[in-house]
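Spelled out from the first residue to the last, the chains are:
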Amino acid sequence: MLLFFVASEISLNAIETKREKEQETFTAKRADKFVVAFLVQNPIHDFSNTEIVTVVTQPNGQVLQSSDWDAGTFETKKQGVKNFTRKVKFDYTKGEQRKIIFTLENEKFQKGTYTLQLWHQGILIGQAVKKLI
């Protein structure tokens, strides 16, 4: 029985805003925010008021967190308590392909590799990486 979501088309894109236009960047000093996007699907269950927990790990190994995003900690099934970046809550109807998109604004981005993890009910369901130079 599939008690959690399957995630696909996971992306973590750094965005630069210049003259009210947004474009993807690969340069840390130009990045103004991340745009996180992914699809979730479960062919067996409906979920009422469920959540996906996102963890963005910075190049220095620290989890990107802000009180603006209600960041905190959560319990995983195998790795114990972890810090998280943001939770996304929603209702889900069995079988639908649900697209989730949100932004994470940050004052300063570090050079290096960022890792995005997606968790549902304490289980890692997807991951993506983004390198900024």
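The present account deals with the structure reproduced in this document. Given the structure is predicted, the values throughout are model-derived calculations rather than measurements.

### What to know about the overall build of the chain
And step 1. Scanning the chain from N- to C-terminus turns up zero helices and 10 strands.
And step 2. Its helices and strands taken in sequence order, the chain reads β-β-β-β-β-β-β-β-β-β from the N to the C terminus.
And step 3. Its C-alpha atoms give the chain a radius of gyration of 15 Å, near enough to 14 Å, the size a compact globule of 133 residues would have.
And step 4. The principal-axis extent of the C-alpha atoms belonging to the chain is close to 45 × 30 × 25 Å.
And step 5. Counting the 133 residues in the chain, one finds 42% classified as buried.
And step 6. Carbon and sulfur atoms form 44% of the exposed surface of the chain, whose accessible area is close to 7,900 Å².
And step 7. When the 19 basic and 15 acidic side-chain charges of the chain are each reduced to a single mean position, those positions are 7 Å apart.

### A closer look at the pattern of salt bridges
And step 1. Considering all chains together, one arrives at four salt bridges under this definition.
And step 2. The residue Glu22 makes a salt bridge to Lys33 at a minimum N-O spacing of 2.4 Å. Here the residue Glu22 occupies a position in strand 2 (residues 21-24), and Lys33 occupies one in strand 3 (residues 33-41), the gap between them amounting to 11 residues.
And step 3. For Lys33, a relative accessible area of 11% translates into the label buried.
And step 4. Put simply, Glu51 and Lys89 hold a salt bridge, and the shortest N to O gap is 3.7 Å. One end of the pair, Glu51, is in strand 4 (residues 47-57); the other, Lys89, is in strand 7 (residues 86-92), and 38 residues separate them in sequence.

### Brief notes about the sheet that holds strand 3
And step 1. The four strands are arranged 2-1-3-8 in an open sheet whose pairing can be described as antiparallel. Either end of the sheet is taken by a strand with one partner, and the two such strands are strand 2 and strand 8 (98-105). Sheet twist, expressed as the mean angle between neighbouring strand axes with direction ignored, is 30°.

### Focus on the pairing of strand 5 (residues 72-75)
And step 1. The pairing of strand 5 with strand 6 (residues 81-84) spans four bridges and is classified as antiparallel. Note on strand 6: the bridge partner recorded for Glu75 is Val81.
And step 2. Taking the residues that link successive antiparallel strands as the turn, the strand 5-strand 6 hairpin has five residues, and the phi of Gly80 there is positive, at about 75°.

### Overview of the environment of Trp119
And step 1. Its place among the elements puts Trp119 in strand 9 (residues 112-120).
And step 2. Once you skip the residues sitting within four places of it in the chain, Trp119 turns out to touch Glu51, Ile52, Val53, Val55, Phe74, Thr76, Gln79, Lys82, Leu124 and Ile125.

### What about the nonpolar core?
And step 1. Ranked by internal contacts, the top residues of the largest apolar core, which has 27 residues, are Phe5, Phe34, Phe38, Val40, Ile52 and Phe90.
And step 2. If you tally residues by element for this core, the top one is strand 3, at four residues.
And step 3. Those residues in contact with Val40 that lie beyond four places of it in its chain are Phe5, Val6, Ala7, Ile52, Phe90, Tyr92, Glu96, Gln97, Arg98 and Ile125.
And step 4. Core analysis: the next-biggest nonpolar cluster, separate from the first, contains six residues, Val63, Phe74, Phe84 and Trp119 among them.

### Some thoughts on the environment of Leu118
And step 1. You can see Leu118 is positioned in strand 9.
And step 2. Judged by relative accessible area, which is 0%, Leu118 ranks as buried.
And step 3. Between the C-alpha atom of Leu118 and that of Val53, which follows or precedes it by 65 residues, the distance is 5.9 Å.

Here is what the cut-offs are and how they apply
- Residues numbered from 1 in each chain as written.
- Predicted model: local features only at pLDDT ≥ 70, side-chain atom pairs only at ≥ 80, totals over all residues.
- Heavy atoms only, no water.
- Helix = DSSP H or I, 4+ residues; strand = E, 2+ residues; numbered from the N terminus.
- Rg over C-alpha atoms; globule rule 2.2 N^0.38 Å.
- Buried < 20%, exposed > 50% of the residue type's maximum accessible area, 1.4 Å probe, protein only.
- Areas by Shrake-Rupley, 256 points an atom, 1.4 Å probe, with all protein chains shown as cover.
- Lys, Arg positive; Asp, Glu negative; His and termini not counted.
- Charge placed at Lys NZ, Arg CZ, Asp CG, Glu CD.
- Salt bridge = Lys/Arg side-chain N within 4 Å of Asp/Glu carboxyl O.
- Pairing = 2+ DSSP bridges.
- Axes fitted to C-alpha atoms, helices over the stretch in contact; angles between N-to-C directions.
- Contact = heavy atoms within 4.5 Å.
- Core = buried A, V, L, I, M, F, W, Y, C linked by side-chain atoms within 4.5 Å.

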